[in-house]
Amino acid sequence: MFTKRNAPSARDSGFDVLQHEMAGEAAAALGRMDNKMIKALEALRAWDAGEDRTEPRDAVVKAAARAVWMFFVQRESLGLRDQRPVIAHHQIPREVLTRLGAS
């Protein structure tokens, strides 16, 4: 969505407009992956707290690991390679990180 402040001007080339659109889509995708990761981690915490055990724990951990992996991939595609701040902020369990191959 363009606002007057960030809208491409008539002077911008078609490539500039395309780059602007692609940056917006990348940011939106990162936000969607972040939401999925947060929900998956919350589901794991709920399982561990005994609140929701409708699925086997292994399936919940696997879903959390997949969501974290997808978020990391999206971040890396944007050039954000250091995942440590995300791990600390979201308190991603070591068990989930181990499924990603991290140590």
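Everything here concerns the structure above.
Since this is a predicted model, take the numbers as computed values, not measurements.

Calculation rules
Residues numbered from 1 in each chain as written. Predicted model: local features only at pLDDT ≥ 70, side-chain atom pairs only at ≥ 80, totals over all residues. Heavy atoms only, no water. Phe/Tyr/Trp six-rings, centres within 6.5 Å; stacked < 30°, edge-to-face > 60°. Lys NZ or Arg CZ within 6 Å of the ring centre and 35° of its normal. Helix = DSSP H or I, 4+ residues; strand = E, 2+ residues; numbered from the N terminus. Axes fitted to C-alpha atoms, helices over the stretch in contact; angles between N-to-C directions. Parallel < 35°, antiparallel > 145°, perpendicular 65-115°, else oblique. Left-handed = near helix turned anticlockwise from the far one by under 90°. Nonpolar A, V, L, I, M, F, W, Y, C, P; charged D, E, K, R; others polar.

Undergrad: Explain the packing of aromatic side chains here, please?
TA: To describe a pair of aromatic rings, one takes the distance between the centres and the angle between the planes. The full count for this structure, using the stated rule, is zero aromatic pairs. One cation-aromatic arrangement involves Arg 53 over Trp 47; the distance from NZ or CZ to the ring centre is 4.2 Å.

Undergrad: Explain unusual backbone geometry here, please?
TA: A negative phi angle characterises most non-glycine residues, just as the trans form characterises most peptide bonds. With a phi close to 50°, Gln 91 is a non-glycine residue in the positive phi region. Along the chain, the position of Gln 91 falls in the loop between helix H3 (84-90) and helix H4 (94-99).

Undergrad: Help me understand the packing of helix H1 (residues 14-48) against helix H2 (residues 57-77) in this model?
TA: Relative placement of two packed helices is described by the angle separating their axes and the distance separating the axes. It is the contact of H1 with H2, at a shortest axis distance of 8 Å, that shows an interaxial angle of 155°. Comparing their axes, H2 and H1 come out roughly antiparallel. Handedness of the H1/H2 crossing: left-handed. Along the lines of polarity and charge, the residues of the contact of H1 with H2 split into 18 nonpolar, one polar and five charged.

Honestly, it's all geometry; don't read function into it.
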